Amino acid sequence: VNQSEIRSDGVNYRNEKFFNIILGTDYHINELNVLTLSGNFAYEVEDQPSETNYSSYKNNTLISQWKRTEITEATNPKWQYELNYERQFKDNEKHTLLASAIGSFFGKDQSSVFKNVATLGTIVENDQQGNTDFQEANYTFKLDYTKPFNERFSMETGAQYLINEVGNDYAISDLKEGQWIPNPALTNNFQFDQKVLGIYGTGSYEGDKWGVKAGLRVENTDLVTLLETTNTGNNRNYTNLFPSVHTSYKISRDVSLQLGYSRRIYRPRLWELNPFLSLSDNYNISTGNPDLDPEYSDSYELTGIFKIGKATLNSSVYHRYTTSVIEDVSTFENNV
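This section reports on the structure supplied with the text.

Parameters and conventions
Residues numbered from 1 in each chain as written. Predicted model: local features only at pLDDT ≥ 70, side-chain atom pairs only at ≥ 80, totals over all residues. Heavy atoms only, no water. Helix = DSSP H or I, 4+ residues; strand = E, 2+ residues; numbered from the N terminus. Rg over C-alpha atoms; globule rule 2.2 N^0.38 Å. Buried < 20%, exposed > 50% of the residue type's maximum accessible area, 1.4 Å probe, protein only. Contact = heavy atoms within 4.5 Å. Pairing = 2+ DSSP bridges. Core = buried A, V, L, I, M, F, W, Y, C linked by side-chain atoms within 4.5 Å. Polar contact = N/O pair within 3.5 Å; in protein donor to acceptor, adjacent residues only side chain to side chain. Salt bridge = Lys/Arg side-chain N within 4 Å of Asp/Glu carboxyl O. Patch = residues over 30% accessible without salt bridge, like charges linked within 9 Å, V, L, I, M, F, W, Y side chains within 5 Å. Areas by Shrake-Rupley, 256 points an atom, 1.4 Å probe, with all protein chains shown as cover. Lys, Arg positive; Asp, Glu negative; His and termini not counted. Charge placed at Lys NZ, Arg CZ, Asp CG, Glu CD. Phe/Tyr/Trp six-rings, centres within 6.5 Å; stacked < 30°, edge-to-face > 60°.

### Description of the overall build of the protein chain
Here is step 1: Each helix and strand counted, the protein chain has one helix and 15 strands in total.
Here is step 2: Over its C-alpha atoms the protein chain spans a radius of gyration of 27 Å, topping by over 25% the 20 Å that the globule rule assigns to 336 residues.
Here is step 3: C-alpha atoms of the protein chain, sized along the principal axes, occupy 80 × 50 × 45 Å.
Here is step 4: Taken across its 336 residues, the protein chain has 30% of its residues classed as buried.
Here is step 5: A sequence separation of at least 24 residues applies to 63% of the contacts in the protein chain between residues at least 6 apart.

Structure representation (structure tokens):
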């Protein structure tokens, strides 16, 4: 039986320089209405040199060694703006209406060169180069309304609309006979477009000893992904309900209990969905899975709060139950 083994060790560095400009202003329309505009622009320069040493064995006998170096450079422009409007009502300072619009952009223009140099024996590894054109835009629109009816009862309601648009154009080329040849197995443009609309409402009661806050959030998710090389799309549209209940009880002046339940969602991110992620090591390649479904979690928490003189002690019991858990899976195929 022929047994093959490849051992590797290396060092990676990540050097970054940041340039940042921040601006903001408030405009008080009157004593009850305020407009706030803020924003920032940043420019990041990356330098990521690395060196990895490989040793190839067959039947425990060293047959070749080589060094793989990586020189990666990237420039990342990014900006963000935020426009907020706040209105307070005369009847109660906690009676408010908040509206906001937030936009952000992140870009990455990255180039990498991978060189393989034999230090013992012969190798079949090609030199490679990679280019990444990554662009991500996010927009958030929110409207929140809070209305206290009296000192004990209050209501909150609102809506939020999230837009996430991403394009990841990734290309790898191999150096063969002095020419750079595109590697179609590692080249693609992955498009990701996700929109989430949420509407929520909560009601709360705060008594002398007992208080409770209960709410319900409805969210609709519309996700469109496209793998351009194969023209493969994977569109999802689903609607979920997320209830929450939190209550507290004061046993005495120094002892109180809190009990809470909430249901949450974790949507897979671009890097978990993108089947073409990145390449720095030919023997360890990480990719995503565009067929992933979101995770759902039910969380329960019981907390005791104890005041001992001037100190406060918190003790909690916490339980979370998650379904459709996203996990990393390792496979071995063609020595990779």
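The rest of the description comes next.
### A word on the pairing of strand β12 (residues 236–250)
Here is step 1: Strand direction decides the pairing type here: strand β10 (residues 210–227) and β12, joined by 14 bridges, are antiparallel. Counted as the bridge partner of Trp210 is Tyr249 from β12.
Here is step 2: Where β12 lies against strand β13 (residues 255–266), seven bridges are found, and the strand directions are antiparallel. Residue pairing for β13: Val245 is matched across the bridge by Tyr261.
Here is step 3: Hairpin connection, β12 to β13: the antiparallel pair is bridged by four residues.

### Brief notes about the nonpolar core
Here is step 1: Judged by nonpolar contacts, Phe134, Val166, Phe190, Phe192, Leu223, Leu227, Leu270, Leu273 and Phe276 together constitute the single largest core of nine residues.
Here is step 2: At the level of secondary structure, the elements contributing two or more residues to this core comprise β9 (188–206), β10 and α1 (270–273).
Here is step 3: Excluding residues that lie within four positions of it along the chain, Phe190 makes contacts with Val166, Gly167, Asn168, Thr225, Leu226, Leu227, Leu270, Leu273, Asn274 and Pro275.

### A word on the side chain of Arg236
Here is step 1: Within the element layout of this structure, Arg236 appears in strand β12.
Here is step 2: Here Asp293 takes part through its side chain, which lies 2.4 Å from a polar atom of the side chain of Arg236.

### Re the pattern of salt bridges
Here is step 1: Tallied over the entire structure, the rule returns 13 salt bridges.
Here is step 2: Across the pair Arg14 and Glu16 runs a salt bridge whose closest N-O atoms are separated by 2.7 Å.
Here is step 3: Glu16 sits in the partly exposed class, given a relative accessible area of 34%.
Here is step 4: Across the salt bridge formed by Lys108 and Glu46, the nearest N and O atoms sit 2.8 Å from each other. Pair noted here: Lys108 is in strand β5 (residues 92–120) and Glu46 is in strand β3 (residues 33–58), with a separation of 62 residues, a long-range link. The exposure classification of Lys108 matches that of Glu46, with both residues buried.

### Observations regarding unusual backbone geometry
Here is step 1: Positioned with a positive phi, Glu177 is a non-glycine residue whose angle comes to about 55°.
Here is step 2: Tracing the chain through its elements places Glu177 in the loop between β7 (153–176) and β8 (179–182).
Here is step 3: Taking the relative accessible area as the measure of exposure, Glu177 reaches 84% and is therefore exposed.
Here is step 4: In this structure, Ser324 takes a positive phi of about 55° despite not being glycine.
Here is step 5: Structurally, Ser324 is set in the segment after β15 (311–323).

### Considering the environment of Tyr321
Here is step 1: Here Tyr321 is to be found in strand β15.
Here is step 2: In the structure, Tyr321 is positioned 33 residues away from Gly288 in sequence and 24 Å away in space, judged by C-alpha atoms.
Here is step 3: Not counting residues within four places of it along the chain, the set of residues in contact with Tyr321 comprises Tyr296, Ser297 and Asp298.

### Quick notes on the environment of Tyr81
Here is step 1: Inspection of the secondary structure assignment puts Tyr81 in strand β4 (residues 61–89).
Here is step 2: Each C-alpha atom of the pair Tyr81 and Gly103 lies 5.4 Å from the other, and the pair is 22 residues apart in sequence.
Here is step 3: Excluding residues within four positions of it along the chain, Tyr81 makes contact with Ser38, Gly39, Ala101, Ile102, Gly103 and Tyr139.

### Notes on a nonpolar patch on the surface
Here is step 1: Together, Phe19, Ile21, Leu23, Phe41, Tyr43, Val45, Trp79 and Tyr81 line one region of the surface with nonpolar side chains, adding up to about 760 Å² of accessible area.
Here is step 2: Secondary-structure elements contributing two or more residues to the nonpolar patch are β2 (15–30), β3 and β4.
Here is step 3: Along the chain, Leu23 falls in strand β2.
Here is step 4: Taking relative accessible area as the criterion, Leu23 reaches 63% and is therefore assigned exposed.

### Comments concerning a negative patch on the surface
Here is step 1: A surface patch of negative charge is lined by Asp109, Asp133, Asp169 and Glu228.
Here is step 2: On the basis of relative accessibility, which here comes to 53%, the residue Asp109 falls in the exposed class.

### Some thoughts on the packing of aromatic side chains
Here is step 1: Tallying each qualifying case throughout the model produces eleven aromatic pairs.
Here is step 2: Between Phe89 and Tyr145 the ring centres are 6.3 Å apart and the planes differ by 85°, which places this aromatic pair in the edge-to-face class. Highlighted residues: Phe89 in strand β4 and Tyr145 in strand β6 (residues 128–148), separated in sequence by 56 residues.
Here is step 3: By relative accessible area, Tyr145 is classed as partly exposed at 24%.
Here is step 4: Here Phe153 and Tyr205 contribute two aromatic rings whose centre-to-centre distance is 5.0 Å and whose plane-to-plane angle is 45°, an arrangement assigned as tilted. Note that Phe153 is positioned in strand β7 and Tyr205 in strand β9, a separation of 52 residues in sequence.

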